[in-house]
Amino acid sequence: MKSTETINKPIIFIDFSRVVSSIGISRHLATCLAQYLTIPKEKIRNMYKKHITLLAKWQFFILDFIKELVPFLKQEYSEKNLIECVDIMPPVSSELLNILKILKNTYLVYLVSDIYFELGIVVQKNLSPYFDGFIFSFQEGYKKSEPQFWEQIKNKINFENVEYFIDDKQKNLDLASKYWISGVLCTPDFSLQEILNKIIA
């Protein structure tokens, strides 16, 4: 059972793409895949974004994306090389990880993300020491930009304790605000590290 102190801690939601904002998820994946393909990274990123937009079943979309890339394989490589890229953890700065450790002394910190199933498993394994919980769209069945996403997680987390939701899309913050969650917009001029430093100052 959680202690009263833990239950009463204020909560922060952080979008995963901001945690790896120095490279971004689509750019990270495209860079890994490009070494095995005959098409440029930008085309790979556009194909990835198309699959994200047309997403129906979160658990399986990435495999459909990989299959679409198979015709562009360089002769000496196989689909197995592409699948291996799916499970590679994007880099996270050590400075940010140190800030997250400090933040956890005062807040319950949740990572919130629309990332695909396979990457979610890797992220949870690698970042579990730095977050108190993980909320993934592939588990909820809806994206952060959909009201059903917030309706479902409000039954699991007391929204009255959520002080901040940090994201890079204003539409996600606007939707969360309908549940009385204060949003903080992360931009190239106002990075996640800067935001968190202000919070813990």
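Scroll up for the structure.
A brief structural summary. Just so it is clear, the model here is predicted, and its values are computed rather than measured.

Looking now at the overall build of the protein. Across its full length, the protein carries twelve helices and five strands. Counting only residues that meet the buried cut, the protein has 48% of its 201 residues in that class. Taken as a whole, the protein presents about 10600 Å² of accessible surface, with 51% of it coming from carbon and sulfur. A gap of 3 Å separates the mean positions of the 24 positive and 23 negative side-chain charges of the protein.

Before going further, it helps to examine the pattern of salt bridges. Overall, the coordinates contain ten salt bridges when judged by the stated rule. One salt bridge in this structure joins Asp168 and Lys169, with 3.8 Å as the shortest N-O distance. Classification of Lys169 by relative accessible area gives partly exposed; the value is 41%.

It is worth spelling out the sheet that holds strand β5 (residues 183-185) at this point. Hydrogen bonds along the backbone pair up the strands of a sheet, which may run parallel or antiparallel. One open sheet holds the five strands; their spatial order is β3-β2-β1-β4-β5, and the pairing between them is parallel. For this open sheet the edge positions go to β3 (133-136) and β5, each flanked by a neighbour on one side alone. Here the strands of the sheet are splayed against their neighbours by 20 degrees on average, with no regard to which way each runs. Here helix α11 (residues 170-177) sits on the sheet and contacts β4 (162-167) and β5; the angle it forms with β4, its principal contact strand, is near 160 degrees.

What follows deals with the nonpolar core. Residues Ile14, Phe16 and Leu127 are the most contacted members of the largest nonpolar core, which totals 52 residues. With six residues, helix α3 (residues 25-34) is the single largest residue contributor to this core. With 18 residues, the next largest nonpolar core counts Ile157, Val162, Leu173 and Ile181 among its residues.

Counting buried residues along strand β1 (residues 11-15), five of its five residues qualify, which places the element largely inside the surrounding structure. Where burial is concerned, the two faces of β1 agree: the one with Ile11, Phe13 and Asp15 and the one with Ile12 and Ile14 are both buried. With four bridges joining them, β1 and β4 adopt parallel strand pairing. When the bridges of β4 are listed, Ile11 appears paired with Val162.

It is worth spelling out unusual backbone geometry at this point. Positive phi values are uncommon outside glycine, yet Trp180 reaches one of about 60 degrees. Given a relative accessible area of 74%, Trp180 falls into the exposed group.

Another aspect to go through is the packing of α3 against helix α6 (residues 79-86). At a minimum axis distance of 9 Å, the contact between α3 and α6 shows a crossing angle of 155 degrees. In terms of axis orientation, α3 runs roughly antiparallel to α6. Judged by the twist between their axes, the crossing of α3 over α6 is right-handed. The residues of α6 that touch α3, namely those facing Leu29, Cys32 and Leu33, are Leu82, Cys85 and Val86. Partitioning the contact of α3 with α6 into residue classes produces six nonpolar, no polar and no charged.

Turning to the packing of helix α7 (residues 94-103) against helix α12 (residues 192-200), a few remarks are in order. Where α7 contacts α12, the axes come no closer than 10 Å and their chain directions differ by 30 degrees. Between α7 and α12, the interaxial angle falls into the category roughly parallel. For the element pair α7 and α12, the recorded crossing hand is left-handed. Between α7, through Glu95, Leu96, Ile99, Leu100, Ile102 and Leu103, and α12, the contact on the second element is made entirely by Leu192, Gln193, Leu196, Asn197, Ile199 and Ile200. Partitioning the contact of α7 with α12 into residue classes produces nine nonpolar, two polar and one charged.

Analysis parameters
Residues numbered from 1 in each chain as written. Predicted model: local features only at pLDDT ≥ 70, side-chain atom pairs only at ≥ 80, totals over all residues. Heavy atoms only, no water. Helix = DSSP H or I, 4+ residues; strand = E, 2+ residues; numbered from the N terminus. Buried < 20%, exposed > 50% of the residue type's maximum accessible area, 1.4 Å probe, protein only. Areas by Shrake-Rupley, 256 points an atom, 1.4 Å probe, with all protein chains shown as cover. Lys, Arg positive; Asp, Glu negative; His and termini not counted. Charge placed at Lys NZ, Arg CZ, Asp CG, Glu CD. Salt bridge = Lys/Arg side-chain N within 4 Å of Asp/Glu carboxyl O. Pairing = 2+ DSSP bridges. Axes fitted to C-alpha atoms, helices over the stretch in contact; angles between N-to-C directions. Contact = heavy atoms within 4.5 Å. Core = buried A, V, L, I, M, F, W, Y, C linked by side-chain atoms within 4.5 Å. Parallel < 35°, antiparallel > 145°, perpendicular 65-115°, else oblique. Left-handed = near helix turned anticlockwise from the far one by under 90°. Nonpolar A, V, L, I, M, F, W, Y, C, P; charged D, E, K, R; others polar.

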